[in-house]
Amino acid sequence: MTDLPAAQPDTEWKNLFGVCGCIAEDFGFDPLWLRLAFAAPLIWAPVAVLSTYAALGVIVLASRLIFPTRKRGKAAGVAPVIVEQPEQEFRLAA
């Protein structure tokens, strides 16, 4: 039997459930844009926005529990690989 670490909430984002931060991390964009997308319609349809946010929170939690990701880079103790390419002289096309 393998010892898997218990699922822990992502405290890096330090906000309400970390839904926007986790989704932005997964898809590779700034979480501010998603937060703005939630904040703008909050005035006109707060129930719909909050229920959508809660549903996304459940989906994010389920995805993190089902498919846990291992931290890469410094957190895992792996040094980044730097590949140096030899310098080449290029002639100017004139």
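Described in the following lines is the structure provided in the data block. (Residues numbered from 1 in each chain as written. Predicted model: local features only at pLDDT ≥ 70, side-chain atom pairs only at ≥ 80, totals over all residues. Heavy atoms only, no water.)

## Quick look at the overall build of the chain
Okay, so step 1: When its secondary structure is counted, the chain shows three helices and zero strands.
Okay, so step 2: Buried residues in the chain amount to 15% of all 94 residues.
Okay, so step 3: Sequence-distant contacts in the chain: of pairs separated by 6 or more residues, those separated by 24 or more amount to 39%.
Okay, so step 4: Surface exposure of the chain reaches about 8800 Å², of which carbon and sulfur atoms provide 66%. (Helix = DSSP H or I, 4+ residues; strand = E, 2+ residues; numbered from the N terminus. Buried < 20%, exposed > 50% of the residue type's maximum accessible area, 1.4 Å probe, protein only. Contact = heavy atoms within 4.5 Å. Areas by Shrake-Rupley, 256 points an atom, 1.4 Å probe, with all protein chains shown as cover.)

## Topic: helix α3 (residues 46-66)
Okay, so step 1: Between its first and last C-alpha atoms α3 spans 30 Å; for 21 residues at 1.5 Å apiece the expected length is 30 Å, and the two agree.
Okay, so step 2: Within α3 the residues assigned to the buried category are V49, Y53, G57 and V60. Buried residues of α3, viewed axially, fall in a sector of 80°; they line one side. Opposite its buried face, α3 presents the exposed residues V47, V58, I59 and I66, each directed more than 90 degrees away.
Okay, so step 3: The inward-facing, buried residues of α3 abut α1 (19-27) and α2 (31-39). (Expected span 1.5 Å × (residues − 1). Arc of directions from axis to C-beta.)

## Considerations on the packing of aromatic side chains
Okay, so step 1: The tally for this structure, following the rule as stated, stands at one aromatic pair.
Okay, so step 2: Judged by centre distance (5.3 Å) and plane angle (85°), the rings of F38 and Y53 are edge-to-face. Remark: Y53 occurs in helix α3 and F38 occurs in helix α2; sequence separation between them is 15 residues. (Phe/Tyr/Trp six-rings, centres within 6.5 Å; stacked < 30°, edge-to-face > 60°.)

## Some details on α1
Okay, so step 1: For α1, every residue scored as buried is listed here: V19, C20, G21, C22, I23 and A24.
Okay, so step 2: Of the surrounding elements, those touching the buried residues of α1 are α2 and α3.
Okay, so step 3: Once α1 ends, the next one or two residues include G28, with phi positive near 75°.

## Considering the pattern of salt bridges
Okay, so step 1: Counted under the stated rule, the structure contains one salt bridge.
Okay, so step 2: With a closest N to O distance of 3.1 Å, D26 and R64 form a salt bridge. Remark: R64 occurs in helix α3 and D26 occurs in helix α1; sequence separation between them is 38 residues.
Okay, so step 3: Under the relative-accessibility criterion, D26 is labelled partly exposed at 47%. (Salt bridge = Lys/Arg side-chain N within 4 Å of Asp/Glu carboxyl O.)

Everything listed is a geometric property; what it means functionally is a separate question.
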